[in-house]
Amino acid sequence: MSDTSNTSSRLDELEMRVVHQDQTIEDLNAAITAQWKLIERLERQVARLAERVADAEQSAGQAAPVDRPPPHY
């Protein structure tokens, strides 16, 4: 009986470890999913900002030059 009791105890311990590991995997998966969503949102934001900077640089190059007197006046 001692052998059966020991085997049962070891089996119970292994089952608890599997349950704990399953929960950890689910938690990690949720964290990774949230991070990917954030990364995708930030990538879209960076792309929009890059477009705005490019547009601003292009429009600044098209602006009429300011008619100022030379610095020696």
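As a convention, each chain's residues are numbered from 1 in the sequence order in which they are written. Two thresholds apply to this predicted model, a pLDDT of at least 70 for residue-level local features and 80 or more for giving and counting side-chain atom pairs, whereas whole-chain, interface and lining totals are computed over all residues. Derived side-chain values reflect all non-hydrogen atoms in the structure, with water molecules and hydrogen atoms excluded from consideration.

- Per an unreviewed UniProt entry, the protein chain carries the name Protein SlyX homolog and comes from Hyphomonas atlantica.

Overview of the overall build of the protein chain
Logical step 1: Secondary structure elements are taken from DSSP: a helix is a run of H or I of four residues or more, a strand is a run of E of two residues or more, and numbering for both begins at the N terminus. A tally of regular secondary structure across the protein chain gives one helix and zero strands.
Logical step 2: Radius of gyration here uses only the C-alpha atoms, and the compact-globule reference equals 2.2 Å multiplied by the residue count raised to the power 0.38. Relative to a compact globule of 73 residues, whose C-alpha radius of gyration would be 11 Å, the protein chain shows 32 Å and is clearly more extended.
Logical step 3: In terms of its C-alpha atoms, the protein chain occupies a principal-axis envelope of roughly 105 × 25 × 10 Å.
Logical step 4: When burial is assessed residue by residue, the protein chain has 0% of its 73 residues classed as buried.
Logical step 5: We get accessible surface area from the Shrake-Rupley algorithm with a probe of 1.4 Å; when it comes to residues, only the shown protein chains can shield them. When the accessible surface of the protein chain is summed, it comes to about 7,200 Å², and 57% of that surface belongs to carbon and sulfur atoms.
Logical step 6: Across the protein chain, the centroid of the 8 positively charged side chains sits 9 Å from that of the 13 negatively charged ones. The buried label applies to any residue whose accessible area, calculated with a 1.4 Å probe on protein chains only, is under 20% of its type's maximum; exposed applies above 50%, and partly exposed to all values in between. Here the positive residues are Lys and Arg and the negative ones are Asp and Glu; neither His nor the chain ends is included. Charge placement uses NZ in Lys and CZ in Arg. For Asp and Glu, CG and CD serve respectively.

So, the environment of Ser59
Logical step 1: Turning to its location among the elements, Ser59 is positioned in helix 1 (residues 2-62).
Logical step 2: Residues Ser59 and Val18 lie 41 residues apart in sequence; the distance between their C-alpha atoms is 61 Å.
Logical step 3: Polar contact is the term for a pair of N or O atoms within 3.5 Å; when the atoms are in protein, one must be able to donate a hydrogen and the other to accept it, and sequence-neighboring residues count only if both atoms are side-chain atoms. At 3.1 Å, the side chain of Ser59 forms a polar contact with the backbone oxygen of Ala56.

Brief notes about the environment of Asp12
Logical step 1: Note that Asp12 resides in helix 1.
Logical step 2: Each C-alpha atom, one on Asp12 and one on Lys37, is 38 Å from the other, the two residues being 25 residues apart in sequence.

Topic: a nonpolar patch on the surface
Logical step 1: Taken together, the side chains of Ile32, Trp36 and Ile39 make up a nonpolar region of the molecular surface, amounting to roughly 300 Å² of accessible area.
Logical step 2: Locating Ile32 in the fold gives a position in helix 1.
Logical step 3: With relative accessibility at 45%, the residue Ile32 sits in the partly exposed group. Distance thresholds for patches are 9 Å for like charges and 5 Å for nonpolar side chains (Val, Leu, Ile, Met, Phe, Trp, Tyr), applied to residues having over 30% relative accessible area and no salt bridge. Within this document, salt bridges are pairs made up of a side-chain nitrogen of Lys or Arg and a carboxyl oxygen of Asp or Glu, the two lying within 4 Å of each other.

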